Amino acid sequence: MSRLVIFEVLHVRRFAADKRNVRISIPVKVVVATGLAYLIVWGIGLILGSTGLIDFSGTLLGVGIGTIWAAVEVTAVAAAATASTHFFLDRPLSRLAQVIGRAEEGDFLVRAPVLSGDELGDLARRFNRMLSRITDLAADRIQSEHDVVMFEEQLKFRKSLEEKNAVIERTNRTLEQLVRDLSLIYEIGQEVNSVVDLDKLYANITETLKKYLSINECAILVFDERREELHVRAAFGFPEPDAVFRTTFRPGEGITGLVAETGRKIYIRDTSREERFLHYKGEKPVIPSSFLSVPLVYKGEVLGVINFAREGVGSFSYQDVRMMSLVAGQVSQALANARLYTRTRELSVRDELTGINNRRHFQQMLQMEWKRAVRFRRQLSLIMVDVDHFKEYNDTFGHLQGDGVLRSIGSLLKKNLREVDTVARFGGEEFVLLLPDTDKRGALVVAEKIRAVVSGHRFVTDEMRETRTITVSAGVATSPDDVGEMEDLIDQADIALYRAKELGRNRVESASPMAREDEAGEPAAVPVPSRRREIKKPETIQ
């Protein structure tokens, strides 16, 4: 009896499991949906026909109503087939394709939705199981790779520790040498940078390098202003220093010129085997020597070259080359500082536009020359020069061309005066000339010469097209003929200048004309201002 009960229970469970596992395929679902649609339309037609609401034997627009209803049934069946195919096949396939696409891109954690028990549901379940296995395999691979990486890192760490121990030992020895080198560099830098005057700097560098470095020969070569040649400015250790100081190198000429051109140092172990080594264009030494040429670079600009030489082949070690390079850096900085100091000093007395002296320097020179003229009872003349119609020229050719005219006139004035004379830009388009030991007649000759030189000069544009003739007017005043005070010298010259302007420009006038008399035969009166005019001239051209 008990065996029979157990058999019945197992049979019931198996039947329930089979009932749960029963699945309806997609074609069956489509057929069922299509059949239901047909039955519904057919039933509606039956009801309409039996109730007499529609007479299927009649016609509508010449077409039988029965035929029209049959077409409705076919349309309903087609719509049901299309809709069931979309819901049971197309939409699940689209979702499954999206999941497959994400898995293809490497997202193995994504899972396909299991929405039914049909073929697509079974496919989604199998696909999810496959992704689970792939995820497990990927996790195992990542863990294995992590273990391998950790093992390799441990090996590298051990090897690195061994290498670093060796490096630390070498570094300690290098640091000891570096400390000694830095101490030496510091002392050299302190002494070299203690001088800012460019002329005194070269002698200071020579004495300092001779004091601290074991070098047989050393020379410092610096570019000229146009950067066309290298000139020897400091040297020691040469048997004929005068010949060395007369030596010049062009960029790319010999080892020195090549270093200046490339900005990179060159070390020659044996100068007797190097054809490019010119030894300052003199006879090469009989004894083989080593030669090191290092560029003097400051903020990317090559200022010059410093050369070192020692007797013997390979006399410079790696530490020596590094040491000399650091020395070159200190020398470069000292040269740059001295140049900046010299340039700043020049800018304080130079007009930035024309390159001649500015008004401040002129005032200083006027005071100095006035005191000297009074003390030694000598004559002192002053000429005020103004460019005629300069505003009109600026308006016609532009301010840049006008600046070029002022620069050209400043250069002409400087070339046609003595070294003891002072030429300066007084302001705007006005210049002033100070002539020591020059009487009225000599000053008039100089002023007329300046006027003629300017009027005869061709002023051209950057394209070498001639603009037009430029003329100047000048006023001359002389001490003690015209004035007794220094301030009046400028006033009287300025008054004479404005008289030249009023009389037609492009002429020279004197504060007290020497050969002019009035109709009665008396000397013409000198126009003396009732009070000193405050002359305010713009420092720059607007």
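Conventions we followed
- Residues numbered from 1 in each chain as written.
- Predicted model: local features only at pLDDT ≥ 70, side-chain atom pairs only at ≥ 80, totals over all residues.
- Heavy atoms only, no water.
- Helix = DSSP H or I, 4+ residues; strand = E, 2+ residues; numbered from the N terminus.
- Buried < 20%, exposed > 50% of the residue type's maximum accessible area, 1.4 Å probe, protein only.
- Areas by Shrake-Rupley, 256 points an atom, 1.4 Å probe, with all protein chains shown as cover.
- 1 Å grid on protein atoms, 1.4 Å probe; cavity = no way out; pocket = protein on both sides within 12 Å on 5 of 7 lines; lining within 4 Å.
- Points joined across faces, edges and corners; volume = space filled by probe spheres on them.
- Nonpolar A, V, L, I, M, F, W, Y, C, P; charged D, E, K, R; others polar.
- Pairing = 2+ DSSP bridges.
- Contact = heavy atoms within 4.5 Å.
- Axes fitted to C-alpha atoms, helices over the stretch in contact; angles between N-to-C directions.
- pLDDT = per-residue confidence, 0-100.
- Core = buried A, V, L, I, M, F, W, Y, C linked by side-chain atoms within 4.5 Å.
- Salt bridge = Lys/Arg side-chain N within 4 Å of Asp/Glu carboxyl O.
- Parallel < 35°, antiparallel > 145°, perpendicular 65-115°, else oblique.

Next up on the list: the overall build of the protein chain. Of regular secondary structure, the protein chain possesses 13 helices and 13 strands. In the protein chain, buried positions account for 36% of the 542 residues. For the protein chain, the exposed area adds up to about 33300 Å²; of that, 55% sits on carbon and sulfur atoms.

We now examine the layout of surface pockets. Volume-wise, the largest pocket comes out at about 650 Å³. Lining the largest pocket we find 20 residues, and of these Leu198, Phe223, Glu225, Arg339 and Arg343 sit closest to its centre. Elements represented by at least two residues in the lining of the largest pocket include exactly α5 (198-212), β3 (217-223), β8 (301-311) and α8 (318-347). If one sorts the elements of the lining of the largest pocket by residue count, α8 sits on top with seven residues. Counted as a void, the second largest pocket has a volume near 400 Å³. Lining of the second largest pocket is provided by 21 residues; of these, Glu217, Phe238, Pro239, His279 and Glu283 occupy positions nearest its centre. Sorting the residues of the lining of the second largest pocket by element identifies α6 (241-245) and β8 as the ones contributing at least two each. Ranked by residue count, the leading element in the lining of the second largest pocket is β8, at three residues. When grouped by side-chain class, the residues that make up the lining of the second largest pocket number nine nonpolar, six polar and six charged.

Further remarks concern empty space enclosed by the protein. Applying the stated criterion across every chain yields a total of three cavities of 30 Å³ or more. Residue lining of the largest cavity: Phe249, Gly254, Ile255, Thr256, Arg276, Phe277, Leu278, His279, Tyr280, Phe291 and Asn307, and that is the complete set. The dominant element in the lining of the largest cavity, judged by the number of residues it contributes, is helix α7 (residues 254-262), at three residues. Split by residue class, the lining of the largest cavity holds six nonpolar, four polar and one charged.

Time to look at the sheet that holds strand β5 (residues 248-249). If you walk across this open sheet you meet the six strands as β5-β4-β3-β8-β7-β6, and the pairing is antiparallel. A single partner strand is all that each edge strand has here, and the edge strands are β5 and β6 (266-268). One ladder, built from six bridges, connects β3 with strand β4 (residues 230-236); its direction is antiparallel. Residue pairing for β4: Ala219 is matched across the bridge by Ala235. Packed onto the sheet, α5 meets β3, β4 and β8 and runs at close to 45 degrees relative to β4. Relative to the sheet, α7 contacts β3, β4, β5, β6, β7 (289-298) and β8, its axis offset from that of β7 by approximately 30 degrees.

So, about the confidence of the model for the protein chain. For the protein chain, per-residue confidence averages 81 on the pLDDT scale, and 90% of positions sit at 70 or higher. Scored below 50 in pLDDT, residues 1-20 makes zero contacts in the model with residues more than four places away or belonging to other chains. Segment residues 514-542: pLDDT under 50, and 51 contacts once partners within four positions in sequence are set aside and those in other chains are kept.

Turning our eyes to something else, we now look at the pairing of strand β11 (residues 430-436). By the criterion of burial, β11 is predominantly enclosed, with seven of the seven residues buried. Neither face of β11 is left uncovered, since the one carrying Glu430, Val432, Leu434 and Pro436 and the one carrying Phe431, Leu433 and Leu435 both have all their residues buried. As judged from the seven bridges shared by strand β9 (residues 380-387) and β11, these two strands associate in the antiparallel manner. Looking at β11, one finds that Ile383 is bridged to Leu433. Between strand β10 (residues 422-427) and β11, which pair antiparallel and follow one another directly, the connecting turn spans two residues, one of which, Gly428, has a positive phi of 60 degrees.

Moving on, we come to the nonpolar core. For soluble globular proteins, the rule of thumb is that nonpolar side chains tend to be buried together. Counting residues in each nonpolar core, the largest one holds 31 residues, and the members touching the most others are Leu209, Ile306, Phe308 and Val327. Broken down by secondary-structure element, the contributors of at least two residues to this core are α4 (119-192), α5, β3, β4, β7, β8 and α8. A total of ten residues in this core trace back to one element, the largest contributor, which is α8. Core analysis: the next-biggest nonpolar cluster, separate from the first, contains 26 residues, Val423, Phe431, Leu435 and Ile450 among them.

With that settled, the discussion passes to the pattern of salt bridges. Scanning the entire structure with this criterion turns up 20 salt bridges. The salt bridge involving Arg372 is made with Glu369; its shortest N-O contact spans 3.0 Å. In this pair, Arg372 and Glu369 are both assigned in helix α9 (residues 359-376), three residues apart and thus about one turn of the helix distant. Classification of Arg372 by relative accessible area gives partly exposed; the value is 29%. The salt bridge partner of Glu448 is Arg451, with a shortest N-O separation of 2.5 Å. Residue Glu448 and its partner Arg451 are located together in helix α12 (residues 440-455), separated by three residues, close to a single helical turn. For Arg451, a relative accessible area of 15% corresponds to the buried category. In the salt-bridge network here, residues are joined through shared partners; they are Glu369, Arg372, Arg378 and Asp437.

The buried fraction of β10 is high, at six of six residues. Two elements, β10 and β11, share five bridges in a ladder whose sense is antiparallel. Bridging across to β11, Gly427 finds its partner in Glu430.

For the rest of this paragraph, the subject is the packing of helix α3 (residues 65-104) against α4. Look at α3 against α4: their axes get within 11 Å of each other, and the N-to-C directions meet at 10 degrees. Classed by the angle they form, the pair α3 and α4 counts as roughly parallel. Here Phe88, Leu89, Pro92, Leu93, Leu96, Val99, Ile100 and Ala103 of α3 come into contact with α4, specifically with Leu120, Leu123, Ala124, Phe127 and Leu131. A class-by-class count of the residues in the contact of α3 with α4 yields 13 nonpolar, no polar and no charged.

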